[in-house]
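What the coordinates show
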Amino acid sequence: MADIETVYRSLILCINERRWDDLPSYMHYNFIKNGQDYSPESYAAEMRSAGRVELTIDALTVDRESQRYLAATVLARAKSATNAEENDEGAELPGRPVSFMEQHINWFTEGKLSKTWVLSDRDEVRRQFSVDPEAGTGTYTPDLIGEDLQQKQPPAPGASSSSSSSSSSASASSEAKVLRRLLSSRELEDTYRAYIGCINAQSMETELHRFCHAQVVHNAQALTADGYRLLIREAFAAIPDIVFALHTVVADGEAQRVAARIEFAGTPRGPSTLAGVRPPRDGSRVVVHFAEHVTYSFVDGRIARVWSIVDWPSYRAQLLSE
């Protein structure tokens, strides 16, 4: 039986090469995507009709021991099959190429893909469709994880910004790697679950430093520990009873990464704006449900970088429909 990373890469290659007859061979006969049941053949037919899509794997976070879970960050470039499509508000959109990030949380059964949850950065898609391509304002620079692209990323917390000879840099880099604390997959998962427990208990003021560096880079934005804590606090300001429920956690000791699907539930109240909308002002109570796919890079046993996609369009739709 092929390992799940090989299976997943082969599946993505099938999609890119539009080999729809081969695609089902990598899928379990009972396949579920975002809660909807498919046969492998019906899923291949849907992908065929979706239009031209190119998926570039950025990074994989793999449960290498159980060979059951794999998370992927994927750069997607797509163009609708028709000349026009509709956005979430029903407005017609031009069928031009658009690029955006996705995070996939995948389950495997008997070495084949059996379940996948996909979150796309739909706000970025909407932004690109809203600009005039000839104006040059639609440029998109993805925030990537892949190690061959690390030179494009801000330095990890504690990294020196001073220049030196290449030999000195290599020596310092080697020394840093030797001194780094590496966590096993089990330790990564336990640490991450404790981190989410700290958030749900709202003990971040006293506990967050145990899990995060003094600087955390969140979606390419460098934040101090207080800035990162305040970013998380924004959710509680708008949804005081929000719960961060872990649906799936994938820990990869080899990559020193954790990826997760978090499902949120709560009742928006109060004056705070979240994702561009305010809770109802007429006193009505709306229980919202939405999700986040998120990948964390750990350095010396603590969170250093975060790549997050939140399903804000679903959150806004639930409030604005009331």
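Computed from a predicted model, the values in this text were never measured in an experiment. (Residues numbered from 1 in each chain as written. Predicted model: local features only at pLDDT ≥ 70, side-chain atom pairs only at ≥ 80, totals over all residues. Heavy atoms only, no water.)

Concerning the state of the cysteines
- All told, the structure shown has 0 disulfides when counted by the stated rule.
- The closest cysteine sulfur to the non-disulfide-bonded Cys 198 is located on Cys 212, 8.0 Å from its own sulfur. (Disulfide = S-S within 2.5 Å.)

Let's talk about helix H7 (residues 225-238)
- When the terminal C-alpha atoms of H7 are compared, their 21 Å separation across 14 residues agrees well with the 20 Å that a helix rising 1.5 Å per residue should span.
- Where H7 bends most, the angle comes to about 30°, and this point is Ile 232.
- Taken together, the buried positions of H7 are occupied by Tyr 228, Arg 229, Ile 232, Arg 233, Ala 235, Phe 236 and Ala 238. (Helix = DSSP H or I, 4+ residues; strand = E, 2+ residues; numbered from the N terminus. Expected span 1.5 Å × (residues − 1). Bend = angle between axes of the 7 residues up to and from the residue. Buried < 20%, exposed > 50% of the residue type's maximum accessible area, 1.4 Å probe, protein only.)

Observations concerning the pairing of strand E1 (residues 27-33)
- Note that E1 and strand E8 (residues 112-120) share 3 bridges and pair parallel. Along E8, the bridge assignment pairs Ile 32 with Lys 115.
- Examined bridge by bridge, E1 and strand E2 (residues 36-38) share 3 bridges and lie antiparallel to one another. What sits directly across from Phe 31, in E2, is Tyr 38.
- In this antiparallel pair of consecutive strands, E1 and E2, the connection spans 2 residues, and Asn 34 shows a positive phi of 50°. (Pairing = 2+ DSSP bridges.)

Quick look at the sheet that holds strand E10 (residues 221-224)
- One open sheet accounts for 6 strands, arranged E10-E9-E14-E13-E12-E11; its pairing is mixed. Bordering the open sheet on either side are E10 and strand E11 (243-252), each of which pairs with just one other strand. The average angle at which neighbouring strand axes cross in this sheet is 25°, direction not considered.
- Two elements, E11 and strand E12 (residues 257-266), share 9 bridges in a ladder whose sense is antiparallel. Bridge pairing in E12 places Val 243 opposite Ala 265. (Axes fitted to C-alpha atoms, helices over the stretch in contact; angles between N-to-C directions.)

Examining the nonpolar core
- Tyr 192, Tyr 195, Tyr 228, Phe 244, Ile 262 and Tyr 296 are the most contacted members of the largest nonpolar core, which totals 40 residues.
- For this core, the leading source of residues is helix H5 (residues 185-200), giving 6 residues.
- Sequence-distant contacts of Phe 244, defined by excluding residues within four places in its chain, comprise Ile 196, Ile 199, Asn 200, Ile 232, Phe 236, Ile 262, Glu 263 and Phe 264. (Core = buried A, V, L, I, M, F, W, Y, C linked by side-chain atoms within 4.5 Å. Contact = heavy atoms within 4.5 Å.)

Details of unusual backbone geometry
- Positioned with a positive phi, Ala 275 is a non-glycine residue whose angle comes to about 55°.
- One non-glycine residue, Asp 300, adopts positive backbone phi at about 55°.
- Mapped onto the elements of the fold, Asp 300 is located in the loop between strand E13 (288-299) and strand E14 (302-310).

Notes on the packing of aromatic side chains
- One pass over the structure, following the stated rule, counts 14 aromatic pairs.
- Ring centres of Phe 31 and Tyr 38 lie 6.2 Å apart, and the angle between their planes is 45°; on these two criteria the pair is classed as tilted.
- Judged by its relative accessible area of 0%, Phe 31 falls in the buried class.
- Consider the rings of Phe 290 and Trp 312, whose centres lie 5.6 Å apart with planes at 35°: the pair is tilted. With Phe 290 in strand E13 and Trp 312 in helix H8 (residues 312-320), this pair connects stretches of sequence that are 22 residues apart.
- Since its relative accessible area comes to 6%, Phe 290 is described here as buried.
- Trp 312 gets classed as partly exposed once you look at its relative accessible area, which sits at 23%.
- Through a chain of ring-to-ring contacts, the aromatic side chains of Phe 236, Phe 244, Phe 264, Phe 290, Trp 312 and Tyr 315 assemble into a single cluster.
- Here the guanidinium or amino end of Lys 115 rests over the ring plane of Trp 107, the centre of that ring lying 4.1 Å away.
- When the ring centre of Phe 236 is taken as reference, the NZ or CZ atom of Arg 233 above it lies at 5.8 Å. (Phe/Tyr/Trp six-rings, centres within 6.5 Å; stacked < 30°, edge-to-face > 60°. Lys NZ or Arg CZ within 6 Å of the ring centre and 35° of its normal.)

Brief notes about the side chain of His 213
- Its place among the elements puts His 213 in strand E9 (residues 212-218).
- Take His 213: its relative accessible area is 9%, and that puts it in the buried class.
- Within the structure, the side chain of His 213 is placed 2.7 Å from the backbone oxygen of Val 299, a separation counted as a polar contact. (Polar contact = N/O pair within 3.5 Å; in protein donor to acceptor, adjacent residues only side chain to side chain.)

Here we look at the environment of Arg 305
- Tracing the backbone shows Arg 305 in strand E14.
- We classify Arg 305 as buried; its relative accessible area is 6%.
- Within the structure, the side chain of Arg 305 is placed 3.4 Å from the side chain of Asp 143, a separation counted as a polar contact.

Quick notes on helix H2 (residues 40-49)
- Along H2, the positions that sit buried rather than exposed are Pro 40, Tyr 43, Ala 44 and Met 47. Considered in projection along H2, the buried side chains sweep an arc of 100° and stay on one side of the axis. Structural note: H2 exposes Glu 41 and Ser 49 on the side pointing more than 90 degrees away from its buried face.
- If you follow the buried residues of H2, they end up packed against helix H1 (4-17), E1, E2 and strand E3 (51-62).
- One or two residues past the end of H2 sits Gly 51, with phi positive at roughly 105°. (Arc of directions from axis to C-beta.)

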